[in-house]
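The lines below spell out each chain.
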Amino acid sequence: MDLVVQSPDELLAAVPHVLGFKPEESIVLVPFRPGLPITRVDLPKSAADREEVWDAISGPYGRHAHPGARLGILCFTEDRRSAELASQHLSNRLDTVGITTQIRLWADGERWREFNTGQTGLQTQATAERIAAATVLSGTAQPAASRASLAASLIGDREPITQLIPAARAVASPPAVERDWSLDRLEQFHTDGNRLSDVDGARMLVALETISTRDAVWEDMSRENHTSHMALWNDLTRRAPDEVRAAPASMLGFASWLHGDGAKAWCALDQVPADRPYSMAAIVASALQNGIHPREWERYQTQMRDLAGELDESFVPKPPEQQRDLPRTQPITDRPAPGR
């Protein structure tokens, strides 16, 4: 989705559509040229928190910095003082890696202030509606009310499939047969987009417990078909009980990363049960934490395949204490290889 914005009001109205949710108590870094990631972090309220935020994002921004790199720092909060301190701290730190902060905006839902110039204005409903209409015409889904509601959207009715898992295991064919069935069922979903029945859903989830089957399904995923994968794994993550949810949640995280939706990817990884660490989740988390752009996937495949083979199944990187999302690396103005 490309949006051309011409005012602070339009920029503020566009951010929720890029993130996929309306940010609250957040800082969002928005690049004005290609190459840098768009990042959301929780608004830091202390000097220690501000340093922690910089520690979390300095790697990706230092790596992607290039001559002439410019971005805006947008603060969504009623706490204007914390916004001013945090945005100035980030601006100073970004300058050390060659990135210029073009604007530092504070917005509380009704008004905005640009800290660099002192300019002020109102966030208007007319602008919000105009930006929303433009995104609808582009086919983009409307943003969730909050990050919490985006996370809540991944929790559905899990009882029907829970009841079917024992039977699915009891009647499962040899792994090679289940792998072929899973790939055929996946191809059918790519073709018709119809939701898997509870029976098929249970069979797919049980089949993915075999690593070779999971890898075969994972290898089907590409930047060309990732939206279909997102739809499938979003639905199965919502419906999967704990014992079989790690695989679909990790698949959804990977597909969301390919889509450039870091917030959705992190929310998906949060659905991996805490007592069931999963190495695929570790790989997706590593891509997010290191700000790897989806277009770099082919270059990283061999390296990540080797990493996947070395990962301890108990290792799952967690998001930093200051939650950050790396949704995409395209400015508003103009988110490993399969293996155990």
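Worth saying up front: this structure is predicted, and the values here are computed from it rather than measured.

Helices and strands together make up the secondary structure of the protein chain, namely 14 helices and 7 strands. The buried share among the 340 residues of the protein chain stands at 54%. Summed over all atoms, the accessible surface of the protein chain reaches about 14,600 Å², with 49% contributed by carbon and sulfur.

Moving on: the pattern of salt bridges. For the coordinates displayed, the defined rule picks out 15 salt bridges. Residues Lys 45 and Glu 25 are paired through a salt bridge, measuring 3.7 Å at the closest nitrogen-oxygen approach. Taken together, the positions of Lys 45 in the loop between β2 (38-42) and α2 (47-64) and Glu 25 in the loop between α1 (8-19) and β1 (26-31) put the pair 20 residues apart, joining distant regions of the chain. Through salt bridges with shared partners, a single ionic network connects Arg 195, Asp 198, Asp 235 and Arg 239.

Turning next to the layout of surface pockets. Size it by volume and the largest pocket reaches roughly 550 Å³. The wall of the largest pocket is formed by 23 residues, among which Leu 12, Pro 16, Lys 22, Gly 109 and Gln 123 lie closest to the centre. Listing elements by their share of the lining of the largest pocket, those giving two or more residues are α1 and α4 (125-137). The dominant element in the lining of the largest pocket, judged by the number of residues it contributes, is α1, at 5 residues. Its residues assigned to classes, the lining of the largest pocket comprises 10 nonpolar, 7 polar and 6 charged.

A few words now on the side chain of His 89. Within the fold, His 89 resides in helix α3 (residues 80-96). A polar atom in the side chain of His 89 sits 3.0 Å from the side chain of Glu 51. When residues no more than four places from it in sequence are discounted, the contact partners of His 89 are Arg 50, Glu 51 and Trp 54.

Attention shifts here to the packing of aromatic side chains. Taken as a whole and judged by the stated rule, the model has 2 aromatic pairs. Look at Phe 254 and Trp 257: their rings are 5.6 Å apart centre to centre, the planes differ by 55°, and that puts the pair in the tilted class. Here Trp 257 and Phe 254 lie together in helix α11 (residues 246-259), a separation of 3 residues that amounts to about one turn. Of the residues examined, Phe 254 reaches a relative accessible area of 1% and is grouped as buried. You can call Trp 257 buried: its relative accessible area is 1%. Put simply, the rings of Trp 218, Phe 254 and Trp 257 pair up and form one aromatic cluster. One Lys or Arg, Arg 80, reaches over the ring of Trp 106 and ends 5.8 Å from the middle of that ring.

The next thing to look at is helix α7 (residues 175-192). With 18 residues, α7 extends 25 Å between its outermost C-alpha atoms, agreeing within 8% with the 26 Å of an ideal straight helix rising 1.5 Å per residue. Among the residues making up α7, those that are buried are Glu 178, Trp 181, Ser 182, Arg 185, Leu 186 and Phe 189. Seen end-on, α7 carries its buried residues on one side only, within an arc spanning 140°. What points out from α7, more than 90 degrees from its buried face, is the exposed set Asp 184 and Thr 191. Along its buried surface, α7 packs onto α8 (198-207), α9 (211-219) and α10 (226-239). One or two residues past the end of α7 sits Gly 193, with phi positive at roughly 65°.

Let us now look at the pairing of strand β3 (residues 70-76). In terms of burial, β3 is a largely internal element, 6 of the 7 residues being buried. Note that β3 and strand β4 (residues 100-107) share 7 bridges and pair parallel. Looking across to β4, one finds that Gly 72 is bridged to Ile 103. This β-α-β element, β3 to α3 to β4, shows right-handed connectivity.

The share of residues in the protein chain with pLDDT of 70 or more is 85%, and the mean pLDDT across the chain is 85. Per-element confidence in the protein chain ranges from a low mean pLDDT of 49 for strand β7 (residues 324-328) to a high of 98 for α8. A low-confidence stretch, residues 309-322 (pLDDT under 50), is modelled with 30 contacts involving residues beyond four sequence positions or located in other chains. Within the model, pLDDT remains below 50 along residues 327-340, and this stretch shows 93 contacts once partners closer than five positions in the same chain are excluded.

Core analysis: the biggest nonpolar cluster contains 69 residues, and Val 28, Leu 74, Met 221, Trp 233 and Phe 254 have the highest contact counts within it. No other element matches the 9 residues that α11 contributes to this core. The next biggest cluster of nonpolar side chains, apart from the first, holds 21 residues, and it includes Val 41, Val 53, Ala 56 and Leu 94.

Rules of the game
- Residues numbered from 1 in each chain as written.
- Predicted model: local features only at pLDDT ≥ 70, side-chain atom pairs only at ≥ 80, totals over all residues.
- Heavy atoms only, no water.
- Helix = DSSP H or I, 4+ residues; strand = E, 2+ residues; numbered from the N terminus.
- Buried < 20%, exposed > 50% of the residue type's maximum accessible area, 1.4 Å probe, protein only.
- Areas by Shrake-Rupley, 256 points an atom, 1.4 Å probe, with all protein chains shown as cover.
- Salt bridge = Lys/Arg side-chain N within 4 Å of Asp/Glu carboxyl O.
- 1 Å grid on protein atoms, 1.4 Å probe; cavity = no way out; pocket = protein on both sides within 12 Å on 5 of 7 lines; lining within 4 Å.
- Points joined across faces, edges and corners; volume = space filled by probe spheres on them.
- Nonpolar A, V, L, I, M, F, W, Y, C, P; charged D, E, K, R; others polar.
- Polar contact = N/O pair within 3.5 Å; in protein donor to acceptor, adjacent residues only side chain to side chain.
- Contact = heavy atoms within 4.5 Å.
- Phe/Tyr/Trp six-rings, centres within 6.5 Å; stacked < 30°, edge-to-face > 60°.
- Lys NZ or Arg CZ within 6 Å of the ring centre and 35° of its normal.
- Expected span 1.5 Å × (residues − 1).
- Arc of directions from axis to C-beta.
- Pairing = 2+ DSSP bridges.
- Right-handed = clockwise from strand over helix to strand, strands pointing away.
- pLDDT = per-residue confidence, 0-100.
- Core = buried A, V, L, I, M, F, W, Y, C linked by side-chain atoms within 4.5 Å.

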